[in-house]
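If you want the building blocks of each chain, they are given just below.
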Amino acid sequence: MNITEIIPAEISGYCDAGTGECITTETGAGHPSATENAAQTGDEISTGS
Amino acid sequence: MTTSPPTQTSARASTGKRLQIDVWGDLACPWCYIGKNRLDLAIASSPHAEAITVKVRSFELDPGMSPEAKPNLELLGAKYGVSPAEALRMENKVGAIARHDGLPFTRDRVLANSFDVHRVLHLADTYGLAGQLLGDLQRTLFSGRANVYDHAVLADVASRLGILRSRVEEVLSSDEYADAVRADEKEAGDLGATGVPFTVFDGRFAIPGSTSIEGFTNAINRAWSNQ
């Protein structure tokens, strides 16, 4: 396996191996509250570990 | 670990081409759960679906996690020092996205060390059922129906798919497939993966995280056309 390219896809979220934090970058119809959305700054953290 | 998703049409017969997609992930990772569903949908709607193979690869987000299952929110607070209200808000955000995608999701689930789960997934691969088992385990865990880290529950879920329960128990009572799990994790590190899901198309094109169905579709088409 020889990765030659990182595909420039818009990332919705991932869990970080170093910290175990799960970062949510996607916003949209799935979000529970538009008001809450507007109040957020930066990424949201969930847990994967 | 390989599985072939449901297919609609066959491109293999006309072209002879194949596409392998390697996906590193951890059971505990909600974005691996969401991402698997989206990737499966992208594959199922691809004209190349029958020529695509998905390989489930092992990755532990926290190898030091206790084997004893604990409530997700309790660990979230303990690890990141967030308040219960903040922890709930974090979970609500990813949970809303999962539910919007049609996936059951509850914050009232448990977390534990996933090493044994990964070993059983490697066993499932010998049956061609790794992807299916992973999907069933994810849905069971994230719906809060059961603690799939528990060996009896893990054996139940696996045996319902046709995997011999005695083999699951044999694996769980030994260190079978431990080397395979560690080899997957070493390869992920060698490839520079710093998080999961980490998806590699045709051994060349990577997506470091979950994306939309459209994003996965574009990656499939790109890898397919560049073969």
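Since this is a predicted model, take the numbers as computed values, not measurements. (Residues numbered from 1 in each chain as written. Chains lettered and ligands numbered in written order. Predicted model: local features only at pLDDT ≥ 70, side-chain atom pairs only at ≥ 80, totals over all residues.)

Q: How should the overall build of chain B be read in this particular structure?
A: When helices and strands are tallied, chain B shows 10 helices and eight strands. For chain B, the C-alpha radius of gyration of 17 Å lies close to 17 Å, the compact-globule estimate for 227 residues. Counting only C-alpha atoms, chain B reaches 55 × 40 × 35 Å along its principal axes. Expressed as a percentage of contacts within chain B between residues at least 6 apart in sequence, the contacts between residues at least 24 apart total 78%. (Helix = DSSP H or I, 4+ residues; strand = E, 2+ residues; numbered from the N terminus. Rg over C-alpha atoms; globule rule 2.2 N^0.38 Å. Contact = placed C-beta atoms within 7 Å.)

Q: What am I meant to see in the interface of chain B and chain A here?
A: Reports often express the size of an interface as the amount of accessible area lost when the parts come together. Taken residue by residue, the interface counts 43 residues in chain B and 32 residues in chain A. Listing elements by their share of the side of chain B that touches chain A, those giving two or more residues are α2 (30-44), α3 (72-80), α4 (84-100), β6 (195-196), β8 (205-208) and α10 (213-225) of chain B. In terms of residue count, α4 of chain B provides more of the side of chain B that touches chain A than any other element does, nine residues in total. A breakdown of the residues in the side of chain B that touches chain A according to their chemical character gives 23 nonpolar, 12 polar and eight charged. Direction of pairing for strand β2 (residues 13-16) of chain A relative to β6 of chain B: antiparallel, over a ladder of two bridges. In the strand pairing of β6 of chain B, Cys15 of chain A is matched with Val196 of chain B. (Nonpolar A, V, L, I, M, F, W, Y, C, P; charged D, E, K, R; others polar. Pairing = 2+ DSSP bridges.)

Q: Teacher, can you tell me more about the confidence of the model for chain B here?
A: Reading fine detail from the predicted coordinates is not recommended where pLDDT is low. All names here are of chain B. Confidence in the prediction of chain B, expressed as mean pLDDT, is 91, and 92% of residues score 70 or more. Note on residues 6-13: pLDDT under 50 across the span, and 17 contacts to partners over four residues away in sequence or across chains. For this predicted complex, the interface confidence comes out at an ipTM of 0.86, alongside a pTM of 0.88. (pLDDT = per-residue confidence, 0-100.)

Q: Can you walk me through the confidence of the model for chain A in this structure?
A: All names here are of chain A. Predicted confidence across chain A gives a mean pLDDT of 67, with 55% of residues reaching 70 or more. Least confident of the elements in chain A is helix α1 (residues 34-39), whose mean pLDDT is 33; most confident is β2, at 91. Note on residues 29-43: pLDDT is under 50 here. Beyond four places in sequence and across chains, it has 14 contacts.

Q: Help me out: how do you make sense of unusual backbone geometry in this one?
A: Where the residue is not glycine, phi is negative for most of them; where a peptide bond is considered, it is trans in most cases. Residue and element names in this part refer to chain B. With an omega dihedral of 0 degrees, the bond running from Val196 to Pro197 counts as a cis peptide bond. Considering the arrangement of structural elements, one finds Pro197 in the loop between β6 and β7 (198-201). Despite not being glycine, Tyr177 shows a phi value in the positive range, around 70 degrees. Assignment of secondary structure puts Tyr177 in the loop between α8 (165-172) and α9 (178-191). The exposure class assigned to Tyr177 is buried, which follows from the 22 C-beta atoms found within 10 Å. (Buried ≥ 20, exposed ≤ 12 C-beta atoms within 10 Å, placed from the backbone.)

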